[in-house]
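For reference, the chains in residue letters:
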Amino acid sequence: MGATVVVAPALVATGLAVVLTLRSGLADTARLEAESVAREAAAQATDVRDGGLSGIEALEGDAPVQVVDARGRVRGTTEGLRGRLADFYRVGMRPPAPGPTGDAREPDDAAGGDDRSGPAATGDATGGDGDQDDDGEGPGGDSGDSGDSGDDRDDGDDGDEGGDRDDDSGGEQGAHDPGDGTPARPDPRIGAEDDGDAPVSAAPSPEPVRVDRDSRDGVVTLPVDEDGEPAAQAAARQDFSVVGVHAVTRDGTPVTVYAGTSLAGQQEAVASVSRAMLLGLPAVLAVAGGVTWLVTRRALQPVEGIRQGMADITASRDLSRRVPEPGARDEVARLARTTNETLAALEEAVERQRRFVADASHELRSPIASLRTQLEVGAAHPELLDVGGAVEDTVRLQELAADLLLLARLDAGEGPGEARVELAELVREELAQRPARVPVRTELAASGVTGSRPQLARVVGNLLDNAQRHAGSAVRVSLRDGVLEVADDGAGVPEAERDRVFERFVRLDDARSRDDGGAGLGLAIARDVVERHGGTLTVGTSPEGGALFTVRLPAA
């Protein structure tokens with residue numbers, strides 16, 4: 001259930017991202033289509049003069065296209081499109097050029113073209129734009145009054161178009177006269193001379209014909225007919241992506257070309273995808289939730305096996321049991337192996353503790369029983385009391401208790417300490433405290449180590465006691481460069497027993513007597529202390545033929 005709750009928002013977010021990406025992609029496609037149409041119309045506008053903008057080929061297509069001058073007047077528009085298509089990114093007005101008499105004139109008047117350039121400039125196409133009253137007289141002699149009849153406008157338009165055709169045909173053979181008294185400019189598309197008798201002037205155009213590389217886009221809502229094309233009688237309204245591009249006509253008039261592409265297809269596609277995703281989302285969530293549940297359950301089955309195994313081990317208190325290990329080499333399998341290793345270490349520790357308690361109980365029972373017997377005999381027959389034996393048993397019991405206490409502290413993790421200890425001095429002190437059972441030869445050089453002086457004294461004392469107990473006639477102690485060697489000329493330690501001799505309560509066959517062999521804790525304590533000080537304790541064969549115990553400790 002939890003996994004399904006996590007997956008559901010992720011699926012919803014993914015679906016939303018898909019819808020947004022689809023909408024963005026389709027909007028970009030519509031904008032590119034509109035920009036392509038706008039640039040094509042702008043390129044056509046650069047090939048005609050101001051008065052011929054209403055006749056460019058782009059206005060005859062299905063896409064809404066409109067050409068607007070700097071004053072916002074419609075110079076050409078697609079059939080059925082009323083008013084201005086858009087009003088953003090409109091080209092700014094050019095500075096007025098002086099006429100032959102020096103008077104400032106409007107750009108359209110300076111161009112010599114008729115402002116009444118087709119239906120796009122009429123009230124029907126522009127919503128009654130009254131800018132036509134500002135125009136001067138056209139080449140046909142019509143006044144350009146907005147009160148002229150429709151026939152007059154048609155005549156004026158025909159005259160303009162005829163004039164444009166004359167310019168495009170016969171006029172292209174020579175220079176173009178802007179009609180404002182300025183010198184004629186040649187058509188930049190024509191070479192140095194044409195097929196006519198008169199050569200063409202090669203003077204450069206003062207304002208080159210071009211299409212602006214920049215563009216602006218926006219979204220407008222237009223009335224459309226049943227076929228989705230702009231119409232005066234609207235059956236519905238539809239969003240269009242409109243792009244505006246600046247251009248300059250052949251006679252130098254700046255215009256803005258607007259072209260639009262319908263967004264109905266984009267909106268329908270986005271709506272269809274959204275509906276499909278909404279209808280399919282419950283099924284997808286159900287499938288995803290089921291698959292997630294099955295996969296999660298299958299992945300967690302080994303974990304459940306480990307948990308159940310640990311629960312069974314805890315209930316039975318049998319540390320020899322192990323949890324099942326999956327065959328896969330993944331994190332769960334490593335967890336199972338680590339758990340079994342932990343159980344093995346725990347079993348070993350418990351078994352070691354059990355042996356320790358059993359051996360300690362056995363070792364303590366013997367001196368206690370001996371001491372009790374002596375006291376009972378002394379109580380019944382005072383003359384038979386062995387005071388010396390009772391004291392020896394008491395001392396032995398005290399030493400055993402001290403050894404057990406030290407082992408307990410070492411097992412609890414007691415640190416070695418940070419004091420500087422001079423090993424040569426420590427060896428001399430330990431030798432002075434022990435009776436000379438056999439001669440001891442020393443070769444001691446100054447050597448300092450860092451650690452606990454009492455613990456290191458126990459190491460030296462235990463090694464000396466062990467050597468004197470097993471030596472035949474002599475013991476040798478040498479110290480140099482932090483290496484302490486204690487050798488004897490006794491029977492030595494068999495190679496097979498050299499690891500076992502350091503275990504707790506272990507006595508070799510020739511040292512089974514408690515009086516001679518001790519409790520079997522001395523070497524175990526010595527190795528534990530040395531290892532906690534970062535050193536090593538090993539046993540080998542001495543040059544004298546007996547055992548050679550070597551202690552290596554890091555120098556201070």
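Quick caveat, the model's predicted, so the values are computed rather than measured. (Residues numbered from 1 in each chain as written. Predicted model: local features only at pLDDT ≥ 70, side-chain atom pairs only at ≥ 80, totals over all residues. Heavy atoms only, no water.)

**Section: the sheet that holds strand β1 (residues 65–69)**
Within the open sheet, the 5 strands sit side by side as β2-β1-β5-β4-β3. Their pairing is antiparallel. Each of the sheet's edge strands pairs with one partner strand only, and the pair in question is β2 (74–77) and β3 (216–224). In this sheet, neighbouring strand axes are inclined to one another by 25° on average, regardless of whether the strands run parallel or antiparallel. Pairing of β1 with strand β5 (residues 254–262), which is carried by 5 bridges, proceeds in the antiparallel orientation. Opposite Asp 69, over in β5, you have Val 255 as the bridge partner. (Pairing = 2+ DSSP bridges. Helix = DSSP H or I, 4+ residues; strand = E, 2+ residues; numbered from the N terminus. Axes fitted to C-alpha atoms, helices over the stretch in contact; angles between N-to-C directions.)

**Considerations on the environment of Gly 535**
Examined against the element boundaries, Gly 535 turns out to sit in the loop between α11 (522–532) and β11 (536–541). Placed 52 residues apart in sequence, Gly 535 and Val 483 show a C-alpha to C-alpha distance of 9.9 Å.

**Details of the sheet that holds strand β10 (residues 483–488)**
On the basis of which strands lie adjacent, the open sheet formed by 5 strands has the order β7-β9-β10-β12-β11 and mixed pairing. Edge strands, defined here as strands with exactly one partner in the open sheet, are β7 (440–444) and β11. Between one strand and the next, the sheet's axes are offset by a mean angle of 15°, whatever the strand orientation. Summarising the sheet, β11 and strand β12 (residues 547–552) pair through 6 bridges and their orientation is antiparallel. Counted as the bridge partner of Thr 536 is Arg 552 from β12. Seen against the sheet, α11 touches β11 and β12 and runs at an angle of roughly 130° to β11. (Contact = heavy atoms within 4.5 Å.)

**Quick look at the confidence of the model for the protein chain**
In this model, the protein chain carries a mean pLDDT of 75, and residues with pLDDT of at least 70 account for 76%. Scored below 50 in pLDDT, residues 93–209 shows 168 contacts in the model against residues more than four places distant or in partner chains. A low-confidence stretch, residues 510–515 stays under pLDDT 50, and its non-local contacts, those more than four residues away or across chains, total 9 contacts. (pLDDT = per-residue confidence, 0-100.)

**Section: the nonpolar core**
Counting 45 residues, the largest nonpolar core has Leu 463, Leu 484, Leu 537 and Phe 549 as its most contacted members. Top contributing element to this core by residue count: helix α9 (residues 453–470), with 7 residues. Contacts of Leu 537, omitting those with residues within four sequence positions, involve Leu 463, Phe 502, Leu 523, Ala 526, Arg 527, Val 530, Phe 549, Thr 550 and Val 551. (Core = buried A, V, L, I, M, F, W, Y, C linked by side-chain atoms within 4.5 Å. Buried < 20%, exposed > 50% of the residue type's maximum accessible area, 1.4 Å probe, protein only.)

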